[in-house]
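If you want the building blocks of each chain, they are given just below.
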Amino acid sequence: AQSVTQLGSHVSVSEGALVLLRCNYSSSVPPYLFWYVQYPNQGLQLLLKYTTGATLVKGINGFEAEFKKSETSFHLTKPSAHMSDAAEYFCAVSAFGNEKLTFGTGTRLTIIP
Amino acid sequence: ETGVTQSPTHLIKTRGQQVTLRCSSQSGHNTVSWYQQALGQGPQFIFQYYREEENGRGNFPPRFSGLQFPNYSSELNVNALELDDSALYLCASSLVGSSYNEQFFGPGTRLTVL
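In this report, we go over the structure that sits alongside the text. Starting from 1, residues in each chain are numbered consecutively following that chain's sequence as written. Whichever chain is written first is A, and whichever ligand is written first is 1; the rest continue in order. Since the coordinates come from a predicted model, pLDDT governs what is reported: local features require at least 70, and pairs of side-chain atoms require 80 or more to be given and counted, while whole-chain, interface and lining totals use all residues. The basis for every side-chain value is the complete set of non-hydrogen atoms in the structure, without hydrogens or water.

## Here we look at the overall build of chain B
Thought 1: Put simply, DSSP marks the helices as runs of H or I at least four residues long and the strands as runs of E at least two long, and each gets a number from the N terminus on. Regarding its fold elements, chain B presents zero helices and 11 strands.
Thought 2: In chain B, the order of α-helices and β-strands from amino to carboxyl end is β-β-β-β-β-β-β-β-β-β-β.
Thought 3: Taken over C-alpha atoms, the radius of gyration is set against a globule rule of 2.2 Å times the number of residues to the power 0.38. Since a compact globule built from 114 residues should have a radius of gyration of about 13 Å, the 13 Å found for chain B is in line with a globular shape.
Thought 4: Summarising its shape, the C-alpha atoms of chain B cover approximately 45 × 25 × 25 Å along the three principal directions.
Thought 5: If you take every contact in chain B between residues at least 6 apart in sequence, the share linking residues at least 24 apart comes to 53%. Working rule for contacts: check all heavy atoms of both residues, and any pair within 4.5 Å makes them a contact.

As structure tokens, this is what we get:
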């Protein structure tokens, strides 16, 4: 079974500051890990994914995440926040590529001008 | 390449009624998954269809049912609607058999049950 914990349901950062959204997972098998972004009244857009191989994963819009097996973490970062980054972010895990996705409860990111 | 589309965008029903939500897969995809996203929550897996057969189900009662058609489009049916069924329903399509089966999400159908 898989589960995801996202620490911090709301995160606020100043424009230009570092964005750090935390995700810890639990999985009985090697996980596939994902970060999705959801803008108001829209569906989910994939930011980045980890399947196998390199543990530092780069995604769209300047985001990246690092898979740390020893810490069971997959935190999302962006060096410099932009106003357009304000959205809801979801971390998700699956056992295999096409298996069901198990999502965390989400983190709402607010950017302060 | 056409993305995942869902209809209708919004829907209002009353308790006890039945509802059908529709999803058109991204071109070339053969698998459809449905998720329920309650307000302020992450999406919850309802079920997945592959080759017109249910291929995995989450913790949802039998009044949630689905269909997948030969063109890989899909329907989600919910009978005997309850107030707690009010949510955003998301459809995602993917291609089984590719090296990595990324799921592509549609914009969702927002269902309100009164």
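There's more to say after this.
## Overview of unusual backbone geometry
Thought 1: Put simply, Ser7 of chain B and Pro8 of chain B share a cis peptide bond, and its omega is -10°.
Thought 2: For Pro8 of chain B, the location among the structural elements is in the loop between β1 (5-7) and β2 (10-13).
Thought 3: Positive phi values are uncommon outside glycine, yet Asn61 of chain A reaches one of about 60°.
Thought 4: Mapped onto the elements, Asn61 of chain A comes out in the loop between β6 (56-58) and β7 (64-68).
Thought 5: The phi torsion at Thr72 of chain A lies on the positive side, around 45°, for a residue other than glycine.
Thought 6: You can see Thr72 of chain A is positioned in the loop between β7 and β8 (73-78).

## A word on the nonpolar core
Thought 1: In terms of nonpolar packing, the biggest core is built from 26 residues, with Trp35, Leu48, Leu76 and Tyr89 of chain A touching the most fellow members.
Thought 2: Among the secondary structure elements, those contributing two or more residues to this core are β2 (10-14), β3 (19-27), β4 (32-38), β5 (44-50), β7, β8, β9 (87-94) and β11 (107-112) of chain A.
Thought 3: One finds Val4, Leu11, Tyr89 and Val113 of chain B within the second-largest nonpolar core, a separate group that totals 20 residues. Definition used in this section: a nonpolar core is a set of buried Ala, Val, Leu, Ile, Met, Phe, Trp, Tyr and Cys residues joined via side-chain atoms within 4.5 Å. Relative accessible area decides the class of each residue, using a 1.4 Å probe on protein chains only: under 20% of the type maximum gives buried, over 50% gives exposed, and in between gives partly exposed.

## Re the packing of aromatic side chains
For any pair of aromatic rings, geometry is given as the distance between the ring centres together with the angle between the planes.
Thought 1: Only the six-membered ring of Trp is used, alongside the rings of Phe and Tyr, when aromatic pairs are assigned; centres must lie within 6.5 Å, and planes under 30 degrees apart are stacked while those over 60 apart are edge-to-face, with the rest tilted. Enumeration over the complete set of coordinates arrives at 13 aromatic pairs over all chains.
Thought 2: With 5.3 Å between their ring centres and 90° between their planes, Phe47 of chain B and Tyr49 of chain B make a pair best called edge-to-face.

## Details of the state of the cysteines
Thought 1: Any cysteine sulfur atom paired with another within 2.5 Å is treated as part of a disulfide. Tallied over the entire structure, the rule returns two disulfides over all chains.
Thought 2: The residue that forms a disulfide with Cys23 of chain A is Cys91 of chain A, at a sulfur-sulfur distance of 1.9 Å. The sign of the S-S torsion, about -60°, decides the handedness of the disulfide formed by Cys23 of chain A and Cys91 of chain A: left-handed. Of this pair, Cys23 of chain A sits in strand β3 while Cys91 of chain A is found in strand β9, placing the two residues 68 residues apart along the sequence.
Thought 3: By relative accessible area, which is 0% here, Cys23 of chain A ends up buried.
Thought 4: Across a sulfur-sulfur distance of 1.7 Å, Cys23 of chain B and Cys91 of chain B are joined as a disulfide pair. On the sign convention where negative means left-handed, the S-S torsion of about -50° between Cys23 of chain B and Cys91 of chain B marks this disulfide as left-handed. You can see Cys23 of chain B sitting in strand β3 (residues 19-24) and its partner Cys91 of chain B sitting in strand β9 (residues 87-94), a full 68 residues away along the chain. Here Cys23 of chain B and Cys91 of chain B have matching classes, each one buried.

## Comments concerning the sheet that holds strand β7 (residues 64-68) of chain B
Residue and element names in this part refer to chain B.
Thought 1: Any two strands with at least two DSSP-identified bridges between them are counted as paired. Within the open sheet, the four strands sit side by side as β1-β3-β8-β7. Their pairing is antiparallel. Edge strands, defined here as strands with exactly one partner in the open sheet, are β1 and β7. Taking the axes of each pair of neighbouring strands and ignoring which way they run, one obtains an average angle of 20° across the sheet.
Thought 2: In terms of strand pairing, β1 meets β3 through three bridges, oriented antiparallel. Residue Thr5 lies in a different strand from β3, and its bridge partner there is Ser24. Whenever a helix is involved, its axis is fitted only over the stretch in contact; in every case the axis is a line through C-alpha atoms, and angles between N-to-C directions fall within 0 to 180 degrees.

## Focus on the sheet that holds β3 of chain A
All names here are of chain A.
Thought 1: Taken together, the five strands give an open sheet; going across it, the order is β1-β3-β8-β7-β6, and neighbouring strands pair in antiparallel fashion. Edge positions in the sheet fall to β1 (2-7) and β6, since each has one partner strand and no second. Across the sheet, the axes of successive neighbouring strands diverge by a mean angle of 20°, strand direction being ignored.
Thought 2: Two strands pair when backbone bridges link them, and β7 and β8 are joined in this way by five bridges, in the antiparallel orientation. Looking at β8, one finds that Glu66 is bridged to His75.

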